[in-house]
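Chain residues, written in single-letter form:
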There are 2 protein chains.
Amino acid sequence: MFFRRLASTAASSSPPHPAAYRLAPTICQLLSGAPPELPSSTTTVSGWIKSIRKQKNVSFAVLTDGSSYKGLQAVFLKGKGSHGLTIGTAVRLTGKLVSSPGVGQSHELLVDEVQDGEVEVLGECDPEIYPIQKQALSTEYLRDNAHLRARTSHIAAMVRLRDALARQMNAFFTAQGFCYAHTPILTGNDAEGAGEAFQIFPVEGVHPASITPPSSPPPTPLQPPPEFFSRPAYLTVSHQLHLEALATALSRVYTLSPCFRAERSLTSRHLAEFWMLEAEWVLGPHTKDKRDMDEVCSFVEACLRNVVLLGEQSMKDDIDVLWKDGNEKKRALLEKAFSHINSQAWTRMSYTQAVQELSSFDNARASSKFEFKPLWGKPLQSEHERWLADVFVGGPVFVMDYPASLKPFYMRANDSREPGQGEEDTVACFDLLVPGVGELVGGSVREDRADVLKCKMEEAGLGGEGYKWYEELRRYGGAPHAGFGMGFERLVGWVGGVDNVRECIPMPRWAGRMLL
Amino acid sequence: MFFRRLASTAASSSPPHPAAYRLAPTICQLLSGAPPELPSSTTTVSGWIKSIRKQKNVSFAVLTDGSSYKGLQAVFLKGKGSHGLTIGTAVRLTGKLVSSPGVGQSHELLVDEVQDGEVEVLGECDPEIYPIQKQALSTEYLRDNAHLRARTSHIAAMVRLRDALARQMNAFFTAQGFCYAHTPILTGNDAEGAGEAFQIFPVEGVHPASITPPSSPPPTPLQPPPEFFSRPAYLTVSHQLHLEALATALSRVYTLSPCFRAERSLTSRHLAEFWMLEAEWVLGPHTKDKRDMDEVCSFVEACLRNVVLLGEQSMKDDIDVLWKDGNEKKRALLEKAFSHINSQAWTRMSYTQAVQELSSFDNARASSKFEFKPLWGKPLQSEHERWLADVFVGGPVFVMDYPASLKPFYMRANDSREPGQGEEDTVACFDLLVPGVGELVGGSVREDRADVLKCKMEEAGLGGEGYKWYEELRRYGGAPHAGFGMGFERLVGWVGGVDNVRECIPMPRWAGRMLL
């Protein structure tokens with residue numbers, strides 16, 4: 001009431017209202033808003049020289065400000081302002097934005113210093129020592145220069161792609177009635193005892209020996225540091241459990257948030273710090289013909305299709321920039337996979353069916369069999385997942401209903417059994433496998449029966465006070481619900497055809513490596 | 001190219017395209033989409049019983065699914081399905097959505113079990129032990145029940161408000177040409193040596209004594225844990241420095257990301273884990289009449305005005321819910337302040353002017369003087385900030401150009417001096433003070449001159465290898481840029497009139513306290 005009364009007076013202010021303040025247009029905004037036939041108006045643009053070509057009477061430079069993959073061509077007609085410009089120099093150029101007679105750009109900036117053109121150097125860049133030279137730079141070299149690597153076209157495209165994907169995600173979840181929520185990063189949960197968590201201490205509580213180089217011996221024995229939070233604190237490995245708490249109040253919640261794993265394995269798919277898209281929601285009614293898992297898979301499929309297909313043109317341009325870096329084989333796989341994004345419904349199969357298909361294929365082969373024999377009750381190996389997505393389906397595939405022993409305690413036990421299923425019960429879960437990446441999304445219906453959950457938690461050694469709150473969510477009006485998690489870097493890698501997740505986040509952290 | 005070719009085939013699939021999949025509407029969607037005169041169609045809704053009133057032939061319940069502050073009134077006409085319903089029970093109701101004859105709601109759900117109405121209990125909730133009873137619950141009690149507190153109206157409204165504010169932020173920054181970026185949470189930066197950082201270790205490297213209750217004595221002396229990243233790692237206290245690196249490539253970047261401070265002080269304005277909106281951008285041209293600080297303040301002002309004023313109606317409804325909890329004095333202050341959001345340009349004054357105003361006021365008072373005498377060169381105390389925002393201006397106020405010694409090394413030194421300024425130089429910075437909260441935003445122009453920065457870093461004891469990358473940003477095409485940080489919980493507290501930041505985040509963490 002109060003707020004509305006005030007808001008209704010907003011129109012009384014005289015223009016320009018301070019809320020209407022705008023920064024000067026970026027190159028992207030300038031070019032996308034520019035009509036093909038421009039009145040010859042004076043324009044000022046800032047950015048960095050991406051390339052420069054000097055001729056006797058005229059020089060050409062491409063100016064980038066990172067706002068899109070396209071730079072703005074600047075043509076220097078007269079004057080000496082352009083003489084000292086080198087790659088990487090920060091400049092502010094004033095000139096006339098005109099339609100370009102050249103190919104490759106719709107507009108260009110004519111800088112005529114004899115008229116009102118101006119070249120202002122904002123920051124020099126010594127071409128002899130500038131680490132980001134024009135020639136191709138190795139991935140490893142750019143990792144060593146993490147503070148500068150976003151100045152290359154493909155890392156800049158990746159950062160913009162993250163922005164675009166996050167925006168599409170937000171739009172999708174908002175339209176579906178979800179609330180974006182911030183669940184804790186610091187938690188008492190030590191990754192369900194898996195031992196891959198980071199533990200935290202206030203610096204004051206850490207022995208000085210541990211903050212000097214490890215080569216110096218500790219001067220005195222260390223005492224256990226005091227607990228800042230009155231109990232041990234870890235960095236979260238997943239936001240799921242906390243999101244579930246919010247889902248019992250708000251029905252539909254999601255987050256895009258950092259997660260951490262102290263994994264020492266160095267693969268192209270793992271980081272110590274990564275971002276996860278996680279969602280939890282109360283399920284709609286299921287009927288005889290419709291399992292809860294149908295809703296879960298349909299929702300995840302719709303999410304990915306929307307995010308990838310509905311992105312604006314600039315996102316598609318950035319994807320093209322990234323694809324130029326990809327290797328041919330992966331490209332072929334993904335080309336096939338992306339045709340699925342546009343048309344066919346994605347394949348869904350049970351774990352049991354998957355094992356049957358893998359076995360038939362493996363048995364029929366005389367040689368070059370799988371390294372691991374596909375067996376019901378054993379995890380699907382990377383080679384199995386790759387065959388299913390890359391070869392058997394040739395597109396995204398949901399593998400559902402894994403044996404309970406392969407999955408965490410919180411997944412809902414299935415009531416029914418299927419032909420070919422082993423002795424063991426299965427749980428209502430899925431992994432979404434995509435060509436070239438493997439597992440992109442994992443999720444499940446959550447166990448909503450308090451007593452069943454309690455038994456499973458006790459079996460998993462989580463029967464203590466620490467997880468009592470999680471069990472209580474079911475005791476007080478627990479509703480059937482489901483959720484999933486998607487590694488954001490893997491999504492970027494899939495959509496952009498980027499081989500290693502280290503090139504899917506601006507400043508990656510992995511075991512042994514944390515620059516900046 | 002590749003991507004575009006594929007995307008152009010999207011239209012060929014037959015309806016319904018899997019991308020068009022939608023979950024069942026939430027109560028919010030149902031009510032906002034419903035025409036005043038409804039065809040009497042059968043509708044199924046899930047949620048929790050918020051209140052129930054049983055009469056002889058008819059019962060009334062309010063069903064909430066957390067999608068908006070409004071519940072859906074359900075009217076049970078016949079049948080026994082509603083008999084066992086108690087507060088907190090999760091149900092799925094099927095009935096007819098009709099225009100409501102009652103006041104307080106536009107529509108209601110008629111559940112007639114003799115016709116096709118249905119009441120399905122999804123999860124029971126024992127009214128004897130349910131912690132979220134209908135009567136008013138103390139803030140402290142709800143903190144103890146952090147996993148359930150989003151089931152109360154005002155915590156649910158706060159969580160939705162965060163979602164709405166984040167969405168408005170994203171819309172504002174996107175329109176201004178900014179790229180949303182994820183900068184690292186784990187960093188080698190120990191809060192510029194301020195000693196308020198958390199340090200992290202992999203659990204494997206932590207002595208078992210520190211993960212058992214602190215009462216048990218350590219069985220053996222601790223060894224310094226091995227470094228997971230080959231150097232000490234801390235939780236970031238700010239994303240600024242890393243955002244600056246991205247701003248030297250993408251021109252305009254922002255993030256909404258978690259930050260951490262191991263601060264032991266227990267105030268209503270500090271958390272150990274909090275979210276910060278931070279932005280960095282390359283400045284436009286400044287002229288004789290326009291300082292860089294004008295652009296910075298105008299941009300921050302536009303940001304806040306847009307975020308608060310352009311929110312959709314549901315956000316304003318949630319703000320109203322929160323204001324009902326606020327105290328009268330704060331409400332009066334904020335009522336005045338919000339009128340500024342709608343109309344007048346916000347006051348800007350220099351630190352020097354602020355000290356002069358504070359001194360005049362203090363000198364003129366015979367008694368009840370400030371506890372701390374306002375003196376040029378000393379920090380503004382909370383009492384000073386409150387007087388400036390609450391009393392002197394009665395609205396948001398930018399205080400600019402603080403003495404260099406009061407601010408961090410990265411702020412740009414001012415070239416000019418002003419009358420009344422002390423001996424010392426000032427820096428081009430601002431704090432935005434708002435009534436009832438104090439400092440809501442802080443920012444500055446960044447020192448872009450490599451040599452000046454280098455001196456200041458050495459003075460601050462940061463001359464080593466660890467920050468060399470930061471200095472290099474200026475050596476290679478550094479452009480004048482500025483940035484700011486805004487505590488997201490403080491924003492929520494300001495807009496929602498919430499007294500303590502612990503009620504501005506779903507699951508708060510502070511010294512000594514980390515539930516869940």
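Chain A has the name asparagine--tRNA ligase in an unreviewed UniProt entry, where Laccaria amethystina LaAM-08-1 is given as its organism. Taken from UniProt, the Sequence similarities (unreviewed entry) comment for chain A reads in full: "Belongs to the class-II aminoacyl-tRNA synthetase family."

What exactly am I supposed to notice about the overall build of chain A here?
Looking only at helices and strands, chain A features 13 helices and 17 strands. For chain A, the proportion of its 516 residues judged to be buried stands at 59%. As displayed, chain A offers around 20,100 Å² of accessible surface, 54% of which is attributable to carbon and sulfur atoms.

Would you take a moment to explain unusual backbone geometry for this structure?
Trans is the prevailing form of peptide bonds, just as negative phi is the prevailing case for residues other than glycine. Of note, the phi angle at A:Ser251 is positive, near 70°, even though the residue is not glycine. Position of A:Ser251 relative to the elements: it lies in the loop between helix H5 (240–250) and strand E11 (252–260). One non-glycine residue with positive phi stands out, namely B:Leu516, at about 70°. Tracing the sequence through the fold places B:Leu516 in the segment after helix H13 (488–496).

Explain the side chain of A:Thr43 to me, please; I cannot follow it from the model alone.
One can find A:Thr43 in strand E1 (residues 42–54). When near neighbours in sequence (up to four residues on either side) are disregarded, A:Thr43 contacts A:Leu30, A:Leu93, A:Thr94, A:Gly95, A:Leu97 and A:Leu109.

How do you make sense of the relation of the copies chain A and chain B when you look at a structure like this?
The relation between the two chain copies is a rotation about an axis coupled with a shift along that axis. Screw-axis analysis of chain A against chain B gives a translation of 0.0 Å along the axis, an RMSD of 0.0 Å, and a rotation angle of 180°. With respect to symmetry, the two chain copies, as superposed, fit the operation of a two-fold axis.

Can you help me understand the domain arrangement of chain A in this one?
When the parts of a complex come together, some accessible area is lost, and that lost area is often used as the size of the interface. Residues and elements named next belong to chain A. Split by domain assignment, chain A resolves into domain 1 (27–130) and domain 2 (151–203 + 226–514). Tallying the contact residues gives six residues for domain 1 and six residues for domain 2. A buried area of about 550 Å², summed over both sides, lies between domain 1 and domain 2, and 48% of it is on carbon and sulfur atoms. Sorting the residues of domain 1 by area buried against domain 2 places Lys-50, Tyr-69 and Tyr-130 first, and these three jointly supply 68% of that buried surface. Applying the counting rule to domain 1 against domain 2 returns zero salt bridges. The interface formed by domain 1 and domain 2 holds three residue pairs in polar contact (both at pLDDT 80 or more) in total. Classifying every residue of the side of domain 1 that touches domain 2 by side-chain character gives two nonpolar, three polar and one charged.

Just checking my understanding: could you explain the environment of A:Leu77 for this structure?
Residues and elements named next belong to chain A. The topology assignment puts Leu-77 in strand E3 (residues 72–78). With 155 residues separating them in the primary sequence, Leu-77 and Pro-232 have C-alpha atoms 67 Å apart. Apart from the residues within four sequence positions on either side, Leu-77 is in contact with Asn-57, Val-58, Leu-110, Val-111 and Asp-112.

How do you make sense of the interface of chain A and chain B when you look at a structure like this?
Of the residues lining the interface, 159 residues belong to chain A; the matching set on chain B comes to 161 residues. Carbon and sulfur atoms supply 63% of the area buried between chain A and chain B, which totals about 13,600 Å² over both sides. Among the elements that take part in the side of chain A that touches chain B, helix H4 (residues 153–175) of chain A stands out by supplying ten residues, more than any other. Taken together, the residues of the side of chain A that touches chain B break down into 91 nonpolar, 37 polar and 31 charged. As judged from the five bridges shared by strand E9 (residues 198–202) of chain A and strand E9 (residues 198–202) of chain B, these two strands associate in the antiparallel manner. Each bridged residue has a counterpart across the sheet, and for A:Phe198 the counterpart in E9(B) is B:Pro202.

What's the story with the sheet that holds strand E13 (residues 347–350) of chain B in this structure? I'm lost.
Backbone-to-backbone hydrogen bonds pair the strands of a sheet. The strands run either parallel or antiparallel. Residue and element names in this part refer to chain B. The mixed open sheet is built from eight strands, whose spatial order is E7-E11-E12-E17-E16-E15-E14-E13. Lying at the two open borders of the sheet, with one neighbouring strand each, are strand E7 (179–180) and E13. Sheet analysis places strand E14 (residues 397–400) next to strand E15 (residues 429–434), joined by four bridges and oriented antiparallel. Note that in E15 the partner of Val-397 across the bridge is Leu-433. Sheet strands in contact with helix H5 (residues 240–250) are strand E11 (252–260), strand E12 (273–282) and strand E17 (481–487), and its direction is about 30° off that of E12.

Sorry, what's going on with the sheet that holds strand E14 (residues 397–400) of chain A here?
Residues and elements named next belong to chain A. Read from one edge of the open sheet, eight strands run E7-E11-E12-E17-E16-E15-E14-E13, paired in mixed fashion. The two strands at the open ends of the sheet, each matched to only one other strand, are strand E7 (179–180) and strand E13 (347–350). Seen against the sheet, helix H10 (residues 382–393) touches E13, E14, strand E15 (429–434) and strand E16 (438–445) and runs at an angle of roughly 60° to E15.

Before we go on, may I ask you to explain the packing of aromatic side chains in this structure?
Aromatic ring pairs are described here by two measures, namely the spacing of the ring centres and the angle between the planes. Per the stated rule, a full pass over the model turns up 53 aromatic pairs over all chains. When the centroid spacing of 5.3 Å and the interplanar angle of 75° are considered together, the rings of A:Phe409 and A:Tyr410 count as edge-to-face. When the ring of B:Phe172 is compared with that of B:Phe173, the centres are 5.4 Å apart and the planes differ by 85°; the resulting orientation is edge-to-face. For the residue pair B:Phe172 and B:Phe173, the accessibility class agrees, reading buried in each case. Here a set of aromatic residues connected by ring pairs shows up, and it is made of A:Phe172, A:Phe173, A:Phe178, A:Tyr180, A:Tyr254, A:Trp281, A:Phe299 and A:Phe484. When the ring centre of A:Tyr470 is taken as origin, the NZ or CZ atom of A:Arg474, which lies over that ring, is 4.3 Å away.

Is there a simple way to explain helix H12 (residues 468–475) of chain B in this structure?
Side chains three or four residues apart in an α-helix point the same way, a direct result of the helix having 3.6 residues per turn. Residues and elements named next belong to chain B. In terms of burial, H12 is a largely internal element, six of the eight residues being buried. Turning to H12, its buried residues are Trp-469, Tyr-470, Glu-471, Glu-472, Leu-473 and Arg-474. Count one or two residues on from H12 and you reach Gly-477, which has phi positive near 70°.

Sorry, what's going on with the pairing of strand E1 (residues 42–54) of chain B here?
Side chains on a regular strand alternate between the two faces of the sheet. Residues and elements named next belong to chain B. The pairing of E1 with strand E4 (residues 90–99) spans seven bridges and is classified as antiparallel. Its bridge partner lying in E4, Thr-43 is registered against Gly-95. Where E1 meets strand E2 (residues 59–64), six bridges bridge the pair, whose relative direction is antiparallel. Along E2, the bridge assignment pairs Ile-52 with Ala-61.

Explain the pattern of salt bridges here, please?
All names here are of chain A. In total, this model carries 54 salt bridges over all chains according to the counting rule given. Across the salt bridge formed by Glu-301 and Arg-305, the nearest N and O atoms sit 2.9 Å from each other. One end of the pair, Glu-301, and the other, Arg-305, are both in helix H6 (residues 292–309), four residues apart, so they sit about a helical turn from each other. The burial state of Glu-301 is the same as that of Arg-305; both residues are buried.

How should I be thinking about the packing of helix H4 (residues 153–175) of chain B against helix H6 (residues 292–309) of chain B in this particular structure?
When two helices pack together, you describe them by how their axes are tilted relative to each other and by the distance separating the axes. Residue and element names in this part refer to chain B. Contact pair H4 / H6: the axes reach a minimum separation of 9 Å and the direction vectors enclose 135°. Judged by the inter-axis angle, H4 sits oblique to H6. The chirality of how H4 crosses H6 is right-handed. Listed contacts from H6 to Leu-165, Gln-168, Met-169, Phe-172 and Phe-173 of H4 are Phe-299, Ala-302, Cys-303, Asn-306 and Val-307. Of the residues assigned to the contact of H4 with H6, the class counts are eight nonpolar, two polar and no charged.

Would you mind going over the side chain of B:Thr352 with me for this structure?
All names here are of chain B. Relative to the elements of secondary structure, Thr-352 occurs in helix H9 (residues 351–364). What makes Thr-352 buried here is its relative accessible area of 1%. Within the structure, Thr-352 has its side chain in polar contact with the side chain of Trp-376 (distance 2.8 Å). Contacts of Thr-352, omitting those with residues within four sequence positions, involve Trp-376, Glu-418, Pro-419, Gly-420 and Gln-421.

How do you make sense of the pairing of E17(B) when you look at a structure like this?
Residues and elements named next belong to chain B. Burial within E17 is extensive, with seven of its seven residues counted as buried. On E17, burial covers both faces: His-481, Gly-483, Gly-485 and Gly-487 on one face and Ala-482, Phe-484 and Met-486 on the other are all buried. For E12 and E17, the ladder comprises seven bridges, and the chain directions are antiparallel. Looking across to E17, one finds that Glu-280 is bridged to Gly-483.

Would you take a moment to explain helix H7 (residues 313–323) of chain B for this structure?
The element H7(B) is extensively covered by neighbouring structure, given that nine of its eleven residues are classed as buried. Those residues of H7(B) that sit buried are B:Met315, B:Lys316, B:Asp317, B:Asp318, B:Ile319, B:Asp320, B:Val321, B:Leu322 and B:Trp323.

Can you help me understand the environment of B:Leu277 in this one?
Residues and elements named next belong to chain B. Relative to the helices and strands, Leu-277 resides in strand E12. In this structure Leu-277 comes out as buried when scored by relative accessible area, which is 0%. In this structure the C-alpha to C-alpha distance between Leu-277 and Leu-85, which are 192 residues apart in sequence, comes to 43 Å. Among residues more than four places away in sequence, those in contact with Leu-277 are Met-169, Phe-173, Tyr-254, Thr-255, Leu-256, Phe-484, Gly-485 and Met-486.

What counts, and where the lines are drawn
Residues numbered from 1 in each chain as written. Chains lettered and ligands numbered in written order. Predicted model: local features only at pLDDT ≥ 70, side-chain atom pairs only at ≥ 80, totals over all residues. Heavy atoms only, no water. UniProt positions renumbered as here; feature names shortened; annotations may be inferred. Helix = DSSP H or I, 4+ residues; strand = E, 2+ residues; numbered from the N terminus. Buried < 20%, exposed > 50% of the residue type's maximum accessible area, 1.4 Å probe, protein only. Areas by Shrake-Rupley, 256 points an atom, 1.4 Å probe, with all protein chains shown as cover. Contact = heavy atoms within 4.5 Å. Least-squares fit on C-alpha atoms with pLDDT ≥ 70 in both. Domains from an automatic or database assignment. Buried area = accessible area lost by both parts, 1.4 Å probe. Salt bridge = Lys/Arg side-chain N within 4 Å of Asp/Glu carboxyl O. Polar contact = N/O pair within 3.5 Å; in protein donor to acceptor, adjacent residues only side chain to side chain. Nonpolar A, V, L, I, M, F, W, Y, C, P; charged D, E, K, R; others polar. Pairing = 2+ DSSP bridges. Axes fitted to C-alpha atoms, helices over the stretch in contact; angles between N-to-C directions. Phe/Tyr/Trp six-rings, centres within 6.5 Å; stacked < 30°, edge-to-face > 60°. Lys NZ or Arg CZ within 6 Å of the ring centre and 35° of its normal. Parallel < 35°, antiparallel > 145°, perpendicular 65-115°, else oblique. Left-handed = near helix turned anticlockwise from the far one by under 90°.

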